[in-house]
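Descriptive analysis of the structure
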Amino acid sequence: MNLDPEVMRKTALVVSAALRDDDVSVRHVLHTLPDRIAAATTEACVLAMAELVRQFVPPEAIAAGIADAQQIAHETATGRNHP
């Protein structure tokens, strides 16, 4: 991924804060960025975290997580997650 240096720096800050479970810092960095940089940084963060997951989590566990996420998205979209 070829990132603008500012986006790369902000991505590194957000990912490291997220790994420390520091949601305040994550929010602070993302909410103080201009929209264009915030969108690119958020996208880069998601891709970086996915890469970390792929490096350290067994493929079977990833597949189960994908299935769960898709089920949640489907239920939410169809309204079937509410009694």
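Preceding block: the structure.
Structural notes, computed from the coordinates. (Residues numbered from 1 in each chain as written. Predicted model: local features only at pLDDT ≥ 70, side-chain atom pairs only at ≥ 80, totals over all residues. Heavy atoms only, no water.)

As for the nonpolar core
Counting 10 residues, the largest nonpolar core consists of Val-7, Val-14, Val-15, Ala-17, Val-26, Val-29, Leu-33, Ile-37, Ala-38 and Cys-45. Secondary-structure elements contributing two or more residues to this core are helix 1 (5-19), helix 2 (23-31) and helix 3 (35-56). Examining the composition of this core, we find that 4 residues originate from one element, helix 1, more than from any other. Apart from residues lying up to four places away in sequence, Val-15 is in contact with Cys-45, Ala-48, Met-49 and Leu-52. (Core = buried A, V, L, I, M, F, W, Y, C linked by side-chain atoms within 4.5 Å. Buried < 20%, exposed > 50% of the residue type's maximum accessible area, 1.4 Å probe, protein only. Helix = DSSP H or I, 4+ residues; strand = E, 2+ residues; numbered from the N terminus. Contact = heavy atoms within 4.5 Å.)

Points about the pattern of salt bridges
Per the stated rule, a full pass over the model turns up 5 salt bridges. Between Lys-10 and Glu-6 there is a salt bridge whose closest N-O contact spans 3.8 Å. Highlighted residues: Lys-10 and Glu-6, both in helix 1, separated by 4 residues, approximately one helical turn. Accessibility expressed as a relative area gives 15% for Lys-10, which makes it buried. Take Glu-6: its relative accessible area is 31%, and that puts it in the partly exposed class. For Arg-20, the salt bridge identified is with Asp-22, shortest N-O distance 3.5 Å. Through salt bridges that share partners, Glu-6, Arg-9 and Lys-10 make up one connected network. (Salt bridge = Lys/Arg side-chain N within 4 Å of Asp/Glu carboxyl O.)

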